[in-house]
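# Fold and contact review
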Amino acid sequence: MDSTIQQRRDEILAKKAKLAELKRQRELRKEASARQSLAGSPSPDIAQPSPSRSDQRRDLESLISGLVGDRPSSTRPDSPAQRVTRPHSVISSGQLSSDNEAPIQYVPITGVDQGMQTLSIAPLATVFEFDAALKQQKEQEVITYSKGVQANIDDWQPQRSRGVGDSDSEGDQSPTSSPRSKRLSRRQKEREDEIRANLRKEIEEELKAVQQPAPEGGEVDGKENFPFKTLSNEELNAVENSDEFIGFVERSTKVLERALDQQLGYDILADYALGGENVDEEDEGYGSSGGKKGRRVKEIAQFWDERWSKKRMISDLGFSSKFPELVLASYTKNPSAPHDPDGLIQVWNLHMHDRPEYIFHAQSDILTAKFSPFHPNLIIGGAYSGQVLLWDTRAKSAPVQKTPLTGSGHTHPVYSLDIVGTQNANNIISCSTDGVVCGWTVDMLSQPQEFLELTSPPPAKTEDMAVTSIAFPQSDPTYFLAGTEEGSIYPCHRYDRAGAKAGVDSRVKYSGHAAPVMSLDFHPAKGQIDLGDLVLSASVDWSVKLWKVRPPAATGPANAAAPGATQVVSPILDIAREDLVYDVRWSPVKPSVFALVDGAGSLEVWDINVDVEVPVQKVSPSDNKRGAFATMPSGLGYMNRSLNKLAWERNEGKRVAVGGMDGVVTVFEVGQDLGGVETRSEEWSGVKRLVSRLEGVGEGVNGK
Amino acid sequence: MAQNTPDDTLALLTRLSQKPGVQSTLVLARDTGAIVRTSGLISKSASANPNSTLPASSETSADNYTNTRKEGGIHNAEDVASMVWSFLTAAGDLVDGLDTEDEVKLLRLRTKKNELVIVPDSKYILVVIHDTPPA
């Protein structure tokens, strides 16, 4: 393609050269004839009449261009007017337009070639479609034309036709025209006057015809003659490298993918009177669970991207509170792609199944991430490098802010962070595995606003506390629980308060787990009864434990009897599972419901009002999406199904996202009994009764 | 929002054209109507104007042919382009007539056989023709 363009350029260049050559010859001839006419000898020269002829022609041309000039089509030298009056050039210009004009013209019509023969106005209507650059090129030619030395015009016109059609037309013209014009120059003049008059008439008529449809012609013509042609390679490159095009594709393909995926979900044109095979069947296959209708758990979507999800594990999941259809997933690095960024966050849209809505990067593995509950565009994350990062969905994939690697922040991996406070005053609290807790403002991540070092209370072997997870109660942003690698859970204060210094409150210890605590979650009490002191913890010791935490203010007086002694609190409920439990989360709406994911790859949904020993539902993600281990031998199937994280949709509590080793995000929808906003008061009181019963049992067992 | 290189852009379009059910895709420049990319469409002028054959699009369309189950569904790119254009113009006129400050953002046209989804943007137009579940 390039070569053809090049070829045509060469042709044009060659013609220009020829044109110059002709000009020179004409000058020479003029001089010669002048000399000869001075000498009075009858000259066989051919050029003598030419100037006059060309003068007249020029008049015509200028007339034409004067009449036509107000239209942009004046940029086209071979306007139909000339074709009318000079049929000789019609053919050749027609020829030209097919093999010479075509490359110059930005948008030749497929119909142009045939149209040329007739008096079609098509080219006129389309000329204003010229590409800027090409137009310039065109206009340069026009400059030569209008500025043109007088002799030019004559030459220039036939030149174009000669160039391709009859290369001997120069010789053609000279012998025929010169003797005739010499002998009959007067008569010829008359004739040309006549011709000129005719021409003017014709032009005027034609102009009328052209200009009349012109005002509305833009669109009318657009329909019939719009040049729907494909672009040349160069044009294509130019278009595809433009930011506009890139942005357009980004936007429009997203819209289309949503549109197509929506189609798959439900056909709005479904006619239930027809067929009937399309009626929504209650499928109870793989990936969904049977049981009572309200307690159903059904898989609704799986997200995996060939390019980015490959060989990465999911490290965290979160729903957006503003846009409940958005799920973010953070990933660890892909060990086999050293050139890809280590850290990755993909924001998935439940309405777009095959492609993430956004992709964010980081230099280091992202271990935890969540949407800011106070700002729908912001995403915060904690990295293996100890950095806390902030991304903005309105910006590019790189973080808009990040904490420095050195200095006052974290120097160990940040496995846990949260945003606490209110809409107008909130802080990011991050915690690294060396026990450092930092408070940041969203506006400034260059320096922590708070810095707190958690140290293990005396009986521990090491001073540093290896914190694996933290959790803030709903009601009090100054107090939090920290789960450690050794299995104990400690209450911590962000600030000094009566009876306790900032840091670990050594007077209380929640002891029960024998292995690292993977997850801690306070009850998101939003109902009639305050259950905000209930905490769930999950550990790789194959258990989930339910705790009733001491209110931080009450720890002081309660402990006054035995100062210095650590009060050891046991869980009020111990739920043993069949595998490592990686994550556990309360339902954001149902007071008695929580979900957990385990190393065997199951999502279990529990309702402690129904049963405290077996889950209400247990499901596994289906195999529809090929995860990272899809090609591995099935013997490893056990390993690769492990689920690391789960997240509830915060507003309605109807959806749960889970993800794990294979990098696949799976979203389940739970039935009415396990999710949805309407809760009955019995559910709250039921939990309250259960807790007090459990407390009683626990105390009896402990012999207190 | 993420990596914005031409290659990725092309990959996005290719992905779209390879989605199950998608018969053909077409990217038009809005101002000139020039066809930027196609897949699953034949080009009438391909023989007349060799410049119009797009290497990239021919490969996507080749992929797409395997995707396309019914041969009758393959249309002529220029025809589709002009028809889409006039449809869009008509739709634009309608919207303009209702509210001059409004504009067309998305056109979905369901037919008995398939669906056209047209996304008009300020500079370009993306058209996808895809199969719909038999209704």
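See above for the structure.
Our subject in this report is the structure included herewith.

So, how was this worked out
Residues numbered from 1 in each chain as written. Chains lettered and ligands numbered in written order. Predicted model: local features only at pLDDT ≥ 70, side-chain atom pairs only at ≥ 80, totals over all residues. Heavy atoms only, no water. Helix = DSSP H or I, 4+ residues; strand = E, 2+ residues; numbered from the N terminus. Buried < 20%, exposed > 50% of the residue type's maximum accessible area, 1.4 Å probe, protein only. Contact = heavy atoms within 4.5 Å. Areas by Shrake-Rupley, 256 points an atom, 1.4 Å probe, with all protein chains shown as cover. Expected span 1.5 Å × (residues − 1). Salt bridge = Lys/Arg side-chain N within 4 Å of Asp/Glu carboxyl O. Patch = residues over 30% accessible without salt bridge, like charges linked within 9 Å, V, L, I, M, F, W, Y side chains within 5 Å. Lys, Arg positive; Asp, Glu negative; His and termini not counted. Charge placed at Lys NZ, Arg CZ, Asp CG, Glu CD. Core = buried A, V, L, I, M, F, W, Y, C linked by side-chain atoms within 4.5 Å. Phe/Tyr/Trp six-rings, centres within 6.5 Å; stacked < 30°, edge-to-face > 60°. Pairing = 2+ DSSP bridges. Axes fitted to C-alpha atoms, helices over the stretch in contact; angles between N-to-C directions.

This part takes up the overall build of chain A. Assigned secondary structure in chain A consists of 16 helices and 30 strands. Put simply, chain A has 704 residues, and 52% of those count as buried. Contacts in chain A between residues far apart in sequence, at least 24 positions, make up 58% of those at least 6 positions apart. Taken as a whole, chain A presents about 32300 Å² of accessible surface, with 53% of it coming from carbon and sulfur.

Our next topic: helix α1 (residues 6-18) of chain B. The end-to-end C-alpha distance of α1(B), which contains 13 residues, comes to 18 Å, matching closely the 18 Å that a straight helix rising 1.5 Å per residue would cover. Looking only at α1(B), the buried set comprises B:T9, B:L12, B:L13, B:T14, B:L16 and B:S17.

Turning our attention to the pattern of salt bridges. If you walk through the whole model with that rule in mind, you get 26 salt bridges over all chains. Of the charged contacts in the structure, one is a salt bridge between A:D505 and A:R507, with a shortest N-O distance of 2.8 Å. Note on accessibility: A:D505 and A:R507 belong to one class, buried. The salt bridge partner of A:K618 is A:E578, with a shortest N-O separation of 3.4 Å. Highlighted residues: A:K618 in strand β27 (residues 617-619) and A:E578 in the loop between β23 (573-576) and β24 (581-586), separated in sequence by 40 residues. It is possible to trace a salt-bridge network through shared partners that takes in A:E250, A:K254, A:E257, A:R355 and B:R15.

Residues and elements named next belong to chain A. Notably, K311 is not glycine yet its phi reads approximately 55°, a positive angle. In this fold, K311 is placed in the loop between β1 (297-303) and β2 (314-319). Residue K311 is classed as partly exposed on the basis of its relative accessible area of 45%. With phi around 65°, W542 is a residue other than glycine that occupies positive phi space. With respect to the helices and strands, W542 occurs in the loop between β20 (534-539) and β21 (543-548). You can call W542 partly exposed: its relative accessible area is 41%.

Below, the discussion takes up a negative patch on the surface. Together, B:D93, B:D96, B:D99, B:E101, B:D102 and B:E103 line one region of the surface with negative charge. Structurally, the position occupied by B:E101 is in the loop between α3 (77-98) and β3 (107-110).

What follows deals with the nonpolar core. A:L534, A:V544, A:L546 and A:F594 are the most contacted members of the largest nonpolar core, which totals 22 residues. Of all the elements in the fold, those that place two or more residues in this core are β20, β21, β23, β24, β25 (593-598) and α16 (681-702) of chain A. Ranked by the residues each element gives to this core, the list is headed by α16(A), at five residues. The residues contacting A:F594, other than those within four sequence positions of it, are A:L536, A:V544, A:I575, A:V584, A:R585, A:W586, A:S587, A:E604, A:V605, A:W606, A:I608 and A:W648. Residues A:A259, A:L260, B:V22 and B:A34 belong to the second largest nonpolar core, which totals 21 residues.

All names here are of chain A. Tracing the sequence through the fold places S602 in the loop between β25 and β26 (603-607). Given a relative accessible area of 6%, S602 falls into the buried group. Among all residues touching S602, those that are not within four sequence positions of it are L596, V597, K618, V619, S620 and L643.

Under the defined criterion, the tally for this structure stands at 10 aromatic pairs over all chains. Seen from their ring centres, A:F245 and A:F248 are 6.2 Å apart, and the 45° between their planes marks the pair as tilted. Of this pair, A:F245 and A:F248 both sit in helix α13 (residues 243-265), three residues apart, roughly one helical turn. Neither A:F245 nor A:F248 differs from the other in exposure class; each is buried. Plain terms: the ring middles of A:F248 and B:Y124 are 5.4 Å apart, the flat faces sit at 40° to each other, and that makes the pair tilted.

Moving on, we come to the sheet that holds β24(A). All names here are of chain A. In space, the four strands of this open sheet follow the order β24-β25-β26-β27, with antiparallel pairing throughout. At either end of the open sheet lies a strand with only one pairing partner, and these are β24 and β27. Averaged over all neighbouring strand pairs, the angle between strand axes comes to 15°, with direction disregarded. Relative to β25, β24 runs antiparallel, the two being bridged by five bridges. Bridged to V584 within β25 is L596.

Residue and element names in this part refer to chain A. With six of its six residues buried, β20 lies for the most part within the structure. In the sheet, strand β19 (residues 517-522) pairs with β20 via five bridges, with the strands oriented antiparallel. Looking at β20, one finds that F522 is bridged to V535. Taking the residues between adjacent antiparallel strands as the criterion, β20 and β21 are bridged by three residues, where W542 takes a positive phi near 65°.

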